[in-house]
Amino acid sequence: MNAILLLLFALTAGQPPASGVKPAFPFTSNAVLQRDKPIPVWGTAETDGFVKVMLGGHSVDATVVDGKWSAELPAMEAGGPHLLTLGFDSLIVLHNILIGDVWIAGGQSNMEWRMHSTLNKDEDLPLARNPNIRYMHIPVKISETPLTDTESTGWTTLKEDTAPHMSAVAYYFASMLQDSLDIPIGIIQSFRGATRVEPWTPDFALRTDPDYEIFQSRRERPTDPPSLLYNAMIHPITPIPSQGVIWYQGEGNAIYAKQYQRTFPLLITSWREVWKDPDLDFLFVQLANFKAKQVNPSEAHSWPELREAQSMALRLPKTGMAVTLDVGEADDIHPRDKKSVGHRLARIALKQTYGRELVHSGPVYDGIGFNGNEALILFSETGSGLVMRDDFPNGFAIAGSDSVFHWAEARITGNTVILTSPNVPMPVAVRYAWADNPIISLYNAEGLPASSFRTDTWPGVTEGN
């Protein structure tokens, strides 16, 4: 044994190098690791001993315990490419490692929708060859208990043959961030079509909800039971430092919209807990327009109530919602315009996460007042000004004490929309875009739409769910 080996053994308390070293699934060539946060690296080994971990001029040693090892490298600035080397006498060398921002892309089928099936694929796929965008896909799996490993095939660099298979929403989100920030962006894809929120939520969080037993009995599909998808597809990635989450889900919970007012915030807060990061950004997509076009001023449907529940999650810090009431398709629950969705999520991130000066939201309901036969609706996030794209009907409806809604005429004064109807001499409530596929008209000058909203608390169709 040469002198250098003896010295190294002395520095590691006499331990020999471990053999049969393997990195855990997140650590492959082409990986993106989160900048500005300590970088954990872990894996397995066949024998006891030490594992040397080296990245970007930093070096740390890990000790194998019961066949497992873990180490923590110091935080690094965005950049690369670097080599990540593991082991000692038989090195594993991982190439082309970048340091940047990592985002989790989760939800159901609209987040899963691939680039090769989108509205803009012919013009955008030929340009989707960005070596500074990478993605890793977590395969669909369920588990009764939380897992620490997954069968992911590792990180993929965005190029001609891989871009068609990336989540379209995630691609457009990542490409806008990468263009604006000039840093590497990594996307971890973990989604499953036709799923409710409960399977994605850890058991410890769901147990705090009064409907926990109902969640347990509502098993229409194999992926419906609580926590099964979280256990297999989210828990393994929770040790990976990340900047935030983009989330597109809710269709499966529409008939349980009242519950979703509780369960969706549970998902957000519990993910922040398991990531040990209270500042984990959580940006989500409000349900798009779908089904038959709105006919009545206010329709008793579940989707506007689910959108309302999604809006309520904005009470949590570090959240943002992309409104998509203008990109849906009446006869397809999977609208093909994912570019608008990804870019609207990216605008929120650029404003809220990265501090860029830009308009990131459409008009947001901010208060109501009444003056005789007029209802006065105040809006924030008006950008360069409110814009009404249709005259009548425009999506606004008002009601008196009889709770019967009528279409309202609208006019804009500054940041206020003033509503009147000859059928409602004394209005007490306003609803806007209150239907599965609503009539919408209100935007800001930057072209971002207002969300649906209501000012009343009258019982809805999902009140008992």
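Thresholds, definitions, all that
Residues numbered from 1 in each chain as written. Predicted model: local features only at pLDDT ≥ 70, side-chain atom pairs only at ≥ 80, totals over all residues. Heavy atoms only, no water. Helix = DSSP H or I, 4+ residues; strand = E, 2+ residues; numbered from the N terminus. Rg over C-alpha atoms; globule rule 2.2 N^0.38 Å. Buried < 20%, exposed > 50% of the residue type's maximum accessible area, 1.4 Å probe, protein only. Contact = heavy atoms within 4.5 Å. Areas by Shrake-Rupley, 256 points an atom, 1.4 Å probe, with all protein chains shown as cover. Lys, Arg positive; Asp, Glu negative; His and termini not counted. Charge placed at Lys NZ, Arg CZ, Asp CG, Glu CD. Polar contact = N/O pair within 3.5 Å; in protein donor to acceptor, adjacent residues only side chain to side chain. Core = buried A, V, L, I, M, F, W, Y, C linked by side-chain atoms within 4.5 Å. Axes fitted to C-alpha atoms, helices over the stretch in contact; angles between N-to-C directions. Parallel < 35°, antiparallel > 145°, perpendicular 65-115°, else oblique. Left-handed = near helix turned anticlockwise from the far one by under 90°. Nonpolar A, V, L, I, M, F, W, Y, C, P; charged D, E, K, R; others polar. 1 Å grid on protein atoms, 1.4 Å probe; cavity = no way out; pocket = protein on both sides within 12 Å on 5 of 7 lines; lining within 4 Å. Points joined across faces, edges and corners; volume = space filled by probe spheres on them.

Considerations on the overall build of the protein
Item 1. A tally of helices and strands in the protein yields 10 helices and 24 strands.
Item 2. Computed over its C-alpha atoms, the radius of gyration of the protein comes to 25 Å, within 12% of the 23 Å expected for a compact globule of 465 residues.
Item 3. Seen through its principal axes, the protein has C-alpha atoms that stretch 95 × 45 × 35 Å.
Item 4. Out of the 465 residues belonging to the protein, those deemed buried represent 57%.
Item 5. Put simply, of all contacts in the protein between residues at least 6 apart along the chain, 74% involve residues at least 24 apart.
Item 6. With an accessible surface of roughly 18800 Å², the protein has 52% of that area assigned to carbon and sulfur atoms.
Item 7. In the protein, which carries 37 positive and 52 negative side-chain charges, the distance between the mean positions of the two groups comes to 1 Å.

Some points on the environment of Asp124
Item 1. Note that Asp124 resides in helix α3 (residues 121–124).
Item 2. Asp124 sits in the buried class, given a relative accessible area of 8%.
Item 3. Between the alpha carbons of Asp124 and Lys339 there is a distance of 9.6 Å; along the sequence they are 215 residues apart.
Item 4. Excluding anything up to four places from it in sequence, Asp124 contacts Met115, Tyr171, Tyr172 and Lys339.
Item 5. In this structure the side chain of Asp124 is engaged in a polar contact, spanning 2.6 Å, whose partner is the side chain of Tyr172.

Details of the environment of Ala433
Item 1. Checked against the element boundaries, Ala433 lands in the loop between β22 (429–432) and β23 (442–444).
Item 2. As a C-alpha pair, Ala433 and Thr324 span 109 residues in sequence and 12 Å in three-dimensional space.
Item 3. Once residues lying within four places of it in the same chain are set aside, the contact partners of Ala433 are Gln294, Leu325, Gly395, Pro438, Ile439, Ile440 and Ser452.

Here we look at the nonpolar core
Item 1. Val53, Trp69, Trp247, Trp271 and Phe396 are the most contacted members of the largest nonpolar core, which totals 85 residues.
Item 2. Counting 39 residues, the second largest nonpolar core, distinct from the first, contains Ile133, Met176, Ala288 and Ala349.

A word on the packing of helix α8 (residues 257–274) against helix α9 (residues 303–312)
Working note: a packed helix pair is described by the angle between its axes plus the distance between those axes.
Item 1. Following both chains from N to C, one finds α8 and α9 inclined at 20°, their axes separated by 8 Å at the closest point. With respect to α9, the axis of α8 lies roughly parallel. Of the two elements, α8 crosses α9, and the hand of that crossing is right-handed. From α8, Ala257, Tyr260, Gln261 and Phe264 reach across to α9, where they touch Glu305, Leu306, Glu308, Ala309, Gln310 and Met312.
Item 2. The residue makeup of the contact of α8 with α9, split by class, is 6 nonpolar, 2 polar and 2 charged.

Digging into the layout of surface pockets
Item 1. Put simply, the largest pocket is a space of about 750 Å³.
Item 2. Forming the boundary of the largest pocket are 31 residues, of which Ser311, Met312, Leu314, Val364 and Tyr365 lie nearest the centre.
Item 3. Taken together, the elements giving at least two residues each to the lining of the largest pocket come down to α8, α9, β14 (319–322), α10 (338–353), β15 (364–371) and β24 (453–454).
Item 4. Classifying every residue of the lining of the largest pocket by side-chain character gives 11 nonpolar, 13 polar and 7 charged.
Item 5. Taken together, 15 residues form the lining of the second largest pocket, with Ala24, Trp42, Gly43, Lys68 and Thr148 sitting closest to its centre.
Item 6. Among the secondary structure elements, those contributing two or more residues to the lining of the second largest pocket are β1 (22–23), β3 (39–44) and β6 (68–73).
Item 7. For the lining of the second largest pocket, the residue count by class is 7 nonpolar, 5 polar and 3 charged.

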